[in-house]
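Fold and geometry: a report
Now for the letters of each chain:
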Amino acid sequence: MSYTLYYHPNTASLSAHWLLVELERALGVTYQLKFVDFDAGEQRSASYLAVNPKGRVPTLVASDVPYTEQAAILLTLSELHTEAGLVPMTPGAERAALLETIIFLANTLLPALRDWVYADKDGSEEGAKAVRQLARTRINQAWALLDQQLEGHDYLQGDTFSIADILAGSTVSWTKGVEKMALDGRLNVQAWVKRIRERSTWAEVKRREDGWVVREPPFEKDLV
Ligand SMILES: N[C@@H](CCC(=O)N[C@@H](CS)C(=O)NCC(=O)O)C(=O)O
């Protein structure tokens, strides 16, 4: 299988990239990267929209078929390479727990993060502050629950590192405010973030995403 990941550094594409580095390390899976230049509006260019009509990253092209949505990409990729052990495949409690966490993240944390970062662009300048206030509440609620889930465990799936850690963990450093909301006062999340960032694949994915920065957008100073 040949893989091409359309990405922008330290954004929603980071999870798919991190998983690809994990699969490369564990199994020798190879992939190509294509940088999508947000400053140039490349995500809205006709050529990119032909690959991903949503005009967003990530897009993973696997043997000529484009896949979008980071949660779906993580499930698909980890299931294509089960030998890496990043997804439980046997129907039952473990797989149900993994699906529950992935769907929880995709339904709650990820849309709230989108609103936090893009409130003015997706909506309007006037409404942005109110949207961000609600987004902040939702982000905090999601991390409070994840902190509980981590109580007494090394990873979101218990004792095993999985795509749930990749999906949640890759969002933490998107911006300074987002990082603060995840970490402040949450001892389990703090220990877990430290643990997953000790993986050599984390340092490697940051190194490969040339231009990787933790942003500090102006609105975060007012609200966090
Ligand atoms: N639901 C999508 C959201 C993807 C998304 O919002 N990506 C952002 C980067 S964080 C993007 O492409 N932004 C560019 C834009 O909206 O113009 C997913 O989880 O994959």
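In case you missed it, the structure is sitting above this.
As the structure is a computational prediction, the values presented were derived from the model and not from experiment.

Calculation rules
- Residues numbered from 1 in each chain as written.
- Predicted model: local features only at pLDDT ≥ 70, side-chain atom pairs only at ≥ 80, totals over all residues.
- Heavy atoms only, no water.
- Near = heavy atom within 4 Å.
- Polar contact = N/O pair within 3.5 Å; in protein donor to acceptor, adjacent residues only side chain to side chain.
- Areas by Shrake-Rupley, 256 points an atom, 1.4 Å probe, with all protein chains shown as cover.
- Helix = DSSP H or I, 4+ residues; strand = E, 2+ residues; numbered from the N terminus.
- Nonpolar A, V, L, I, M, F, W, Y, C, P; charged D, E, K, R; others polar.
- Pairing = 2+ DSSP bridges.
- Axes fitted to C-alpha atoms, helices over the stretch in contact; angles between N-to-C directions.
- Contact = heavy atoms within 4.5 Å.
- Salt bridge = Lys/Arg side-chain N within 4 Å of Asp/Glu carboxyl O.
- Buried < 20%, exposed > 50% of the residue type's maximum accessible area, 1.4 Å probe, protein only.

Taken together, the neighbourhood of the ligand is formed by 13 residues, with Q43, V57, E69, R114 and Y118 sitting nearest. At 2.8 Å, a side-chain N or O of R114 approaches an oxygen atom of the ligand. At 3.0 Å, a side-chain N or O of K121 approaches an oxygen atom of the ligand. Against a free-state accessible area of 520 Å², the protein chains account for coverage of 88% of the ligand. Broken down by element, the shell around the ligand gets its largest block of residues, three residues, from helix α4 (residues 93-122). Grouping the amino acids of the shell around the ligand by side-chain chemistry returns five nonpolar, three polar and five charged.

A few words now on the sheet that holds strand β1 (residues 3-7). Within a sheet, adjacent strands bond to each other through the backbone by hydrogen bonds, running parallel or antiparallel. Pairing is mixed in the open sheet, where four strands are placed in the order β2-β1-β3-β4. Of all strands in the sheet, those with a lone pairing partner are β2 (31-35) and β4 (65-68), marking the two edges. In this sheet, adjacent strand axes meet at a mean angle of 20° when their direction is disregarded. Relative to β2, β1 is paired through five bridges, and the arrangement is parallel. Paired with Y3 across the strands is Y31, a residue of β2. Strands β1, β3 (59-62) and β4 of the sheet are contacted by helix α3 (residues 70-80), whose axis makes an angle of about 125° with β4.

A few words on the pattern of salt bridges. Here the structure, examined in full by the defined rule, presents 14 salt bridges. Among the ionic pairs, R208 bridges to E24, the shortest N-O distance being 2.8 Å. Residue R208 is found in helix α9 (residues 200-208), and its partner E24 is found in helix α1 (residues 14-27); the two are separated by 184 residues along the sequence. The class of R208 is partly exposed, set by a relative accessible area of 23%. The salt bridge partner of R208 is E204, with a shortest N-O separation of 2.7 Å. With R208 and E204 both in helix α9 and four residues apart, the pair spans about one turn of that helix.

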